[in-house]
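Fold and geometry: a report
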Amino acid sequence: MKKLRRYLVMGLVALLLVTVMLPFASYATTPYVTYTVNGYGQIRQTQTAYLAYATITKFGEEVSLSAPSDICIASDGHMYIADTGNKRIVEGTLDGELIKVVGEGVLQEPKGVYVLDNGDIYVADRSAEKVFIFNQDGELINEYGKPDSPLYGDEMKFMPIKLVVNDAGIMFVICESNTNGIVEISPTEGGMFLGYFGTNFATTDIMTIIYRAILTDAQRARMISNTPATPTNLAIDSKGLIYTVTLGNKSDTLKRLNIAGTNMIKGQGDTYADAPAAVVAGNHDNVYVADQQGYIFEYNSDGEMLFTFGGPNDDSQRVGLSKMVSGIAIDTEDRIYVLDSDLAQVQIYEPTEFTELMHHALYLYSKGRYTEAKEPLAQVLQMNSMFDYANKAMGRSYFQEENFNQAMYYARLAKDYDGYSDAFWELRNVWLKDNVMTAIILCVLLYVAYKVIHAIDQRNHFLNPIRRTYRRMKKNTFFNNLAYAGYYIRKPADGAYGISAEGHANWLASTFILVVFTIEYIVNKYTCGFLMKTVMEGRYEIASDIGIIVVVMVALTVCTYLVSTINEGEGTVKKIYTFFCYSLLPYVILTPVQYALSHILSQNEIFLTNMLQIVIYAWIVVIAIVGLKEVNNFTAKETVKVIFLTAFTALILALLIFIIYVLWAQLFDFIVAIVGEGVYRLGF
Amino acid sequence: MVSKKHKRVKILAVILVIVLIAAIISGVFIYLGSQPERIVSGNHVHSQPKPATKGVVDAKNDYVQVAESDNYILYYYEPRFSIKLENKQTGAILESTVSDEKNDGKSNADWTGAMQSGITLGLIEKTTKTSDKLNLNTAKNTITTWYTDNGIYAEVTFTDYGITLGVEVSLEGDQLVVRVPDESIQEENENVWIYTLCVFQYFGYTYLDEQDGYMLIPDGNGALIYLDDKEGRYASGFTTQIYGTDVGITDLVPGSTLWDDYDTVVDSNTVLAPVFGMAHTEDQQAYLAVVESGDERCTIEAQPNGARVDYNRCFARFLERDVYSQPLSNSATASTTPTVELERLRSDLTVRYLLLSGDEADYMGMAKAYRNYLLDNGLISRQNLSYNTRVDVLGSEREAFLMGTTAVPMTTVEQLRDIYASLRREGVTNVLSVYRGWQDGGLYDTPIAKYKADSSIGGTSDLTKAILEEAEQGNTIYLYNDALSVNTKTNSSTYNVMKKLNKRTFEKDVHGQVYDSFYYLMPKNAGEGLAELIASMKQDNIKNMALDGITNNLFSYSFKGNYYSRTETMDMFVDSVEETSNGMNMILETPNQYLWKYASAMLDMPLDSSDYLYVDEEVPFLSLVLKGIVPTYSDYVNFEANKTENFLKMVESGMYPSFYVTAEDSSKLIYTNSNNLYSLEIENYRATIAQYDRELRALAELVGTSTISDHEILDNGLVKVTYENGVRIYVNYTNSSLTGDGVTVDAMSYKVGE
């Protein structure tokens, strides 16, 4: 009982058919949720960004679609659909009125359509292996077949499936199974082949490399060939930038290509569609990607995800869910038109108040009206204070207004490190300008004070009590050992000998260093400068931090001791513990410096702290190894052996703990099951 | 003397015996004489009634009149077991089978047979689980009819299948009652059972667009499917089980997810009211059908033309038996076998058609009829309707910490009182709040065994003090209690949790950060738990509770080898709410109809529908019914993207607004199960709350306790709601200003008519 699908623009057309007016058929609970991504890259739910607005299943009275595969909204405000199954192009208004049908009798398998501002309709016909051009009246005015340039490749077929055309009339054509890239054809000389554009690159992962190395030729031949993926679809924006989406390679999923074919998006790939079907450039430097399954994504010009919504139709027949998306287009009012080839319909979504505010802010911002942009942004943030993209834009707006304090505040909320750094740099600059004289005076004063004190001390030795105290303290074992730790990190070989043979091994001073290390580690981790911070704001896991340090130290000491002992090392637990703790001293000494730096450096100079960090770790490793060697009185060879053995032991220990844990869990489950069964049988 | 005396006594005794015998005999006669009526009137007596004499009414050839009321005549046509209802004033006809004249001849024998049969059955074969469909035209049958005062009682036997059922049809004034008594259903064949059962599937049908009008479906707040020519666009229409899916039978299948992690598709609304309606606006004839019994195991269907056949029809399909999948072993990957329920639904199956004509033959008329029906039958009662803005607060949540969890206090009792104080400064008084996550262990530590507040929000004594003191200020704090869910992590014992019919413990997956899944309590245990908590609350003189869980879930379950149906679950939930609501102030979370009478207010009621493709118009049907009777509160305004429109919908429906706030920043929830709550801070909402409170309170005061008497959409799209007391509210959802009745309403705005 499959009747011809007839058209319907919900609300609008029902209005014509039915006597009762229904102005709000589109207002309803959306059948999908909308997600955004926060500054940390976490996916978060947010207000519905787009609502299902209407569905077009038919143009005019008669024209319905069959397996349509592309949609284009031209500057004349009409939509053009590649009605593949019916071998034609359908031109209609945005509310489903039929304008005309183009290319009947000419087209064999129109898969892609693009319309220029002058009304010329470009059609990519896969079976005809041609690009056809029709004028505004639907007359065929030109056609281009396979380029005869040898550069195109003799063996390569020309099966155009999608295309866009820039202002100069240059065609960018995606051809099926042509992995060289997008075919760029100039309209001059009957279609001059300009070359390949926006080529994707094959990626090779480490497993493939290993496989290739070990497999036989025959096996290698059977591996899936590692050719770059052909882009799935493309779009062009008002500036002539080309967007491509590619199925397969995650990080290449969305590309924004300049005229030279360079990708301007530094994509992470985390928030890209799994199976992208189509892409379209929006009105606010944004870009929309539709996934085959019906998920719609909106990204900003940097490829950061603003929203994702929609989803697959679960046969419950709810408006706004899709079956097989094949095209996407956008009109001047930011309504999204999603072409579904299975349902043979165009689903229209309209932005909500929330999204309109966001777009309005983007528009104002792009026009340099930063102060005005803050108003809609504030409204967006009032609706969802965790919408980090708005926080970021707010920060950037304040920055442009040179309100750097606010800029820094919002950048920090948005986890916008660049924005934060810029604002911080400016603030620091101001501070330096204001305080440079004070600082110089302060330095001079300090120097003078030092000189004066020194001079007085020379004369009447009034600092002697302090010196005596210092000497007395040095006699105290604890302080003596602390001082010895300082000696150890400078001369690890001698120092380790001292630990081993001269009784410098001790629990108290070592533990003291470990405690200081732990405190510094925690303070640094949670309160260092924002740009250096590795944990989320407001997150404190101090107990587990301490736990990890304790466990690692105990495991390291015990394992090293066990391994050393069987390798005839001379170290005792106490000695090994001591030198491990002493080895942490570089961290204890240098981290405060790093900590201070993290608060005064901007993104540009942050490499200094990174370098410092490398120095700290390298130092620790070197003295720990030397210490291990000397404390146990090993040769270099033995030391290497012991290090490997220790690592291995630690691994075994971890495995053992894991096995015991799993067994216990099994036992526990078993007991629970028995008790449960008993309870169930007895029926309490 | 003695003998004389004896004689007199003897005579007296004989007379007495005779009188006694006469009395008994006449009693028996009276009893026997009343038999047919007794069956008809619904008493469960099984003796064979006396067949009606042939010739009085000849039902073999055409429709014959069987009953008449003030406004309607009921006709009956036995071979197809069909009825026809005629409006005496207008002549409008509602027919229950597709007449020969209207048969378009496009359907095959099975479909035509079903279209022309007053009864259609779904059958299931016990061992092979194959299902089949039966109708009177394709299956051998006998029909015996008795004529009653106001209709008929017929016994229909499908002879080849050994299935017999009795149907009673009676015209009671402006109501038509169709009832299948439970006892009348007999299944003699041990292998073939009744699966589904429909009576008068096509009652009030129309062909394509022959008649203007619509079908009302109980989706969300209410929705209409027009009786226009759908041109084959929809392969099927609305088919939804009343009171939601039975999780004891149907496995919850997770839909596809974005990046394998994020669920994007939102569930459609649950059917809260067991009603459906059909309006022929041209003929000015309509009905609202209420599924009066058997509603707990019934699916409402509204099929527009093009869905298999070109007739618009809506009906109730009772599910006598269901099929569940039984895993063959305990392994998670075990294969399953479909298994048929042994026991069928034990309930009468009654659909009451409330007939409407003239001006009443529209959705407003349906709403009024339903409202009166509910009031007359004591299914709702008038509650205190005073306006409150609802400001819910989240108390304590949990996040993972080391091996266990730690509290994330979002709003302490102290902070809650600060919120009230700050709202009071904005002019917002008389706030109604549901305190969520007040209990020891935080929001998801369920079930709540006793009245003990989480220490992170200030402890029990603080909470008690706040509730009692704020009550004096006019702010009512309700304690949120999900009386059904059992957190699988905080409760390891499973002896009291609900097991599905396949004897596997039911677990609801929530994909949370901290807690993954929840069990459901068995109805009895849920009731006991609720009673216990309430007893402990009453000790501290706390009487406000917002009840969730048992208010909107209904399931079958198994326990110790016995099976319990939704009917039993429903009865137990009703009993426990009835017992516990005594002396309590209970507000219910999206309650199903059978609990409406216990609700002093209803929370999170839908403002919209589920956005089905085939729905042509949304109408605030439930609001039209409930406004002026029970206060209803909307879903949270926080998460609405179209705030203005949402606000206007509240104006239109008379629903009160709801907000969800916290004192702390909602980003603190990021590692908790509530991490989908992205916007809660009171700072962001104080002004909005004040504005909503001001405007909606003013409206509520104008309206007072009156019900809605009319709701219409004027030709230009302006929505006009008229209240009993004459107040008219005009709502404009369009982007240009509109004028209606001489009242001009700005774009996306509303106005009160003079």
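Residues numbered from 1 in each chain as written. Chains lettered and ligands numbered in written order. Predicted model: local features only at pLDDT ≥ 70, side-chain atom pairs only at ≥ 80, totals over all residues.

**So, the overall build of chain A**
Rule in force here: In this description a helix means any DSSP run of H or I spanning at least four residues, a strand means any run of E spanning at least two, and both kinds are numbered starting from the N terminus. Put simply, the radius of gyration uses C-alpha atoms, and a globule should come to 2.2 Å times the residue count raised to 0.38. Partly exposed residues are those whose C-beta has more than 12 but fewer than 20 other C-beta atoms within 10 Å; 20 or more makes a residue buried and 12 or fewer makes it exposed, with C-beta atoms placed from the backbone.
A count of helical and extended segments in chain A gives 17 helices and 27 strands. The C-alpha radius of gyration of chain A comes to 35 Å, more than 25% above the 26 Å expected for a compact globule of 684 residues. Principal-axis analysis of the C-alpha atoms places the extent of chain A at approximately 105 × 75 × 70 Å. Counting the 684 residues in chain A, one finds 42% classified as buried.

**Examining the overall build of chain B**
As a reminder, the rule being used: By definition, residue pairs are in contact when their C-beta atoms, positioned from the backbone, come within 7 Å.
Looking only at helices and strands, chain B features eleven helices and 47 strands. For a compact globule of 754 residues, the expected C-alpha radius of gyration is about 27 Å, and chain B comes in at 29 Å, within 12% of that figure. In terms of overall dimensions, chain B has a C-alpha envelope of 90 × 80 × 75 Å along the principal axes. In chain B, which comprises 754 residues, the proportion classed as buried is 51%. Of the contacts formed within chain B by residues at least 6 apart in sequence, a portion of 65% connects residues at least 24 apart.

**Topic: the nonpolar core**
All names here are of chain A. Our working rule: Connectivity within a nonpolar core runs through C-beta atoms within 7 Å, and the core itself is a set of buried Ala, Val, Leu, Ile, Met, Phe, Trp, Tyr and Cys residues.
Membership of the largest hydrophobic core comes to 342 residues, with the highest contact counts inside it found for Leu-163, Val-173, Val-279, Tyr-288 and Tyr-337. What Leu-163 contacts, discounting residues up to four positions off in sequence, is Gly-112, Tyr-114, Tyr-122, Ala-124, Val-131, Met-171, Phe-172, Val-173 and Ile-174. Counting 29 residues, the second-largest nonpolar core is a separate cluster that includes Ala-505, Leu-584, Leu-628 and Val-631.

**What about helix α16 (residues 607–632) of chain A?**
Residues that lie three or four places apart on an α-helix share one face, since the helix turns once every 3.6 residues. All names here are of chain A. Cut-off, in case you're wondering: Working rule for helices: expected span equals 1.5 Å times residues minus one.
Over its 26 residues, α16 runs 38 Å from end to end, which matches the ideal 38 Å to within 8%, given 1.5 Å per residue. Among the residues of α16, those classed as buried are Thr-609, Ile-623, Ala-624, Val-626, Gly-627, Leu-628, Lys-629, Glu-630, Val-631 and Asn-632. Taken from the residues just after α16, Asn-633 is the one with a positive phi, measuring 60°.

**As for the domain arrangement of chain B**
The line we're drawing: Domain limits in this description derive from either an automatic procedure or a database domain assignment.
When cut into domains, chain B gives domain 1 (1–35), domain 2 (38–203) and domain 3 (389–688). A straight line from the C-alpha centre of domain 2 of chain B to that of domain 3 of chain B covers 45 Å.

**Quick notes on the packing of helix α6 (residues 388–400) of chain A against helix α7 (residues 404–414) of chain A**
All names here are of chain A. Basically, it comes down to this: Helix axes use the C-alpha atoms of the stretch in contact, all axes being lines fitted to C-alpha atoms, and the angles between their N-to-C directions lie in the range 0 to 180 degrees. Should an angle fall under 35 degrees it is called roughly parallel, over 145 degrees roughly antiparallel, and 65 to 115 degrees roughly perpendicular, with every other angle called oblique. Handedness of a crossing is defined here by the sense of rotation of the near helix relative to the far one, left-handed for an anticlockwise turn of less than a right angle and right-handed for a clockwise turn. Residues are grouped as follows: Ala, Val, Leu, Ile, Met, Phe, Trp, Tyr, Cys and Pro are nonpolar; Asp, Glu, Lys and Arg are charged; every other residue, Gly included, is polar.
Orientation of α6 relative to α7, taken along the N-to-C sense of each, is 160°, at an axis distance of 7 Å. Looking at the two axes, α6 sits roughly antiparallel to α7. For α6 against α7, the interelement crossing comes out left-handed. Contacts between α6 and α7 involve Asp-388, Asn-391, Lys-392, Met-394, Gly-395, Tyr-398 and Phe-399 on the former and, on the latter, Phe-404, Gln-406, Ala-407, Tyr-410, Ala-411, Leu-413 and Ala-414. Considered class by class, the residues forming the contact of α6 with α7 number nine nonpolar, three polar and two charged.

**Re the environment of B:Met115**
Residue and element names in this part refer to chain B. Mapped onto the fold, Met-115 is located in helix α3 (residues 109–115). When the 25 C-beta atoms within 10 Å are taken as the criterion, Met-115 is described as buried. When the C-alpha positions of Met-115 and Glu-507 are compared, they lie 41 Å apart, and in sequence the two are 392 residues distant. Beyond its immediate stretch of four places on either side in the chain, Met-115 contacts Thr-97, Val-98, Ser-107, Tyr-202, Val-309 and Tyr-311.

**Quick word on the confidence of the model for chain A**
Convention followed: Confidence per residue, as judged by the predictor, is encoded in pLDDT with a range of 0 to 100.
Of the residues in chain A, 93% reach a pLDDT of 70 or more, and the chain-wide mean stands at 84. Ignoring residues within four places in sequence, the model shows residues 1–28 of chain A, a span with pLDDT below 50, making 77 contacts including any to other chains.

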